[in-house]
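Listed below are the residues making up each chain.
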Amino acid sequence: MAALGRFSQMLLRSSLTQTRRQLSAAAAAHGEQSAKTWKILTFVVALPGVAVCMLNVYLKEQQHTHEQPEFIPYSHLRIRSKRFPWGDGNKTLFHNPHVNALPDGYEE
């Protein structure tokens, strides 16, 4: 009886070990196929999608007009309580004369 128990445990261990080996081999094959699928999707879907979006932005920007809005001297904007420590003291560090107005209006 004890011999039958040992024999059944030996068979059970060997079958479980072999099943695990087969499952891990199948998982590796599935991983390779999955990686191949995502690589193909990247080149066929994602990169052309990014290219179309870039083209859309470029074409929209070409149609866009670059006009300065009318300057309205609001009292709560562009307050200078002390001078900036660079340049003439009136312009911010990243001042852009085409976009940023000074307290008395745009530079021209």
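Parameters at a glance
Position numbers for residues count from 1 along each chain, tracking the sequence in the order it is written. For this predicted model, a pLDDT threshold of at least 70 governs which residues receive local features, and a threshold of 80 or more governs which side-chain atom pairs are given and counted, while totals over whole chains, interfaces and linings are taken from all residues. To obtain the side-chain values, all non-hydrogen atoms of the structure were included, while hydrogens and water were left out. A run of DSSP states H or I qualifies as a helix once it reaches four residues; a run of E qualifies as a strand once it reaches two. Both are numbered from the N-terminal end. Only protein chains enter the area calculation, which uses a 1.4 Å probe; residues under 20% of their type maximum are buried, those over 50% are exposed, and those in between are partly exposed. Contacts between residues were defined by any pair of non-hydrogen atoms, one from each residue, lying within 4.5 Å. Here the open area of atoms and residues is found with the Shrake-Rupley method and a 1.4 Å probe, where only the protein chains shown may cover a residue. For salt bridges, the criterion is a side-chain nitrogen of Lys or Arg within 4 Å of an Asp or Glu carboxyl oxygen. Planes of paired rings set the category: under 30 degrees apart is stacked, over 60 is edge-to-face and the rest tilted, where pairs are Phe, Tyr or Trp rings (Trp by its six-membered ring) whose centres lie within 6.5 Å. Residues enter patches when their relative accessible area tops 30% and they take part in no salt bridge; the joining distance is 9 Å for like charges and 5 Å for the nonpolar side chains Val, Leu, Ile, Met, Phe, Trp and Tyr. In protein, a polar contact requires one atom able to donate a hydrogen and another able to accept it; more generally it is a pair of N or O atoms within 3.5 Å, and residues adjacent in sequence count only if both atoms are side-chain atoms.

> What am I meant to see in the overall build of the chain here?
Across its full length, the chain carries one helix and zero strands. Counting the 108 residues in the chain, one finds 6% classified as buried. Taking the contacts inside the chain whose residues are at least 6 apart along the sequence as the reference set, 33% of them involve residues at least 24 apart. Carbon and sulfur atoms make up 63% of the accessible area of the chain, which amounts to about 9,900 Å² in all.

> When you look at the pattern of salt bridges in this model, what are you seeing that I'm missing?
It is possible for side chains bearing opposite charge to pair when their charged atoms get close. Summed over all chains, the structure comprises one salt bridge. One salt bridge in this structure joins Glu-107 and Lys-91, with 3.5 Å as the shortest N-O distance. Of this pair, Glu-107 sits in the segment after helix H1 (2–63) while Lys-91 is found in the segment after H1, placing the two residues 16 residues apart along the sequence. Overall, Glu-107 belongs to the partly exposed group, its relative accessible area being 27%.

> Hey, could you run me through the side chain of His-95 in this one?
Take His-95: it is sitting in the segment after H1. In this view, His-95 contacts Asn-100, Leu-102 and Glu-107; residues no more than four positions away in its chain are not counted.

> When you look at the packing of aromatic side chains in this model, what are you seeing that I'm missing?
Each aromatic ring pair is summarised here by two numbers: the centre-to-centre distance and the angle between the ring planes. Following the criterion strictly, the structure yields two aromatic pairs and no others. With centroids separated by 6.0 Å and ring planes inclined at 75°, the aromatic side chains of Phe-71 and Tyr-106 adopt a geometry described as edge-to-face. Of the two residues, Phe-71 sits in the segment after H1 while Tyr-106 sits in the segment after H1, which places them 35 residues apart along the sequence. Between the aromatic rings of Phe-84 and Trp-86, the centroid separation amounts to 5.3 Å while the plane-to-plane angle is 15°, which identifies the pairing as stacked.

> Explain a nonpolar patch on the surface here, please?
Side chains of Trp-38, Ile-40, Leu-41, Phe-43, Val-44, Val-45 and Leu-47 sit close together on the surface and give an oily, nonpolar patch of about 720 Å² of accessible area. By secondary structure assignment, the location of Val-44 is in helix H1.

> Explanation requested: unusual backbone geometry in the structure shown.
Negative phi characterises most residues that are not glycine, and trans characterises most peptide bonds. Phi at Arg-78 is positive, roughly 55°, even though this residue is not glycine. Residue placement: Arg-78 occurs in the segment after H1. Judged by relative accessible area, Arg-78 falls into the partly exposed class, the value being 27%.

> Teacher, can you tell me more about the environment of Glu-107 here?
With 10 residues separating them in the primary sequence, Glu-107 and Pro-97 have C-alpha atoms 5.9 Å apart. Setting aside residues up to four positions removed in sequence, Glu-107 forms contacts with Lys-91, His-95, Pro-97 and Leu-102. For Glu-107, the side chain forms a polar contact with the side chain of Lys-91, separated by 3.5 Å. Side-chain polar atoms of Glu-107 contact the side chain of His-95, separated by 2.5 Å.

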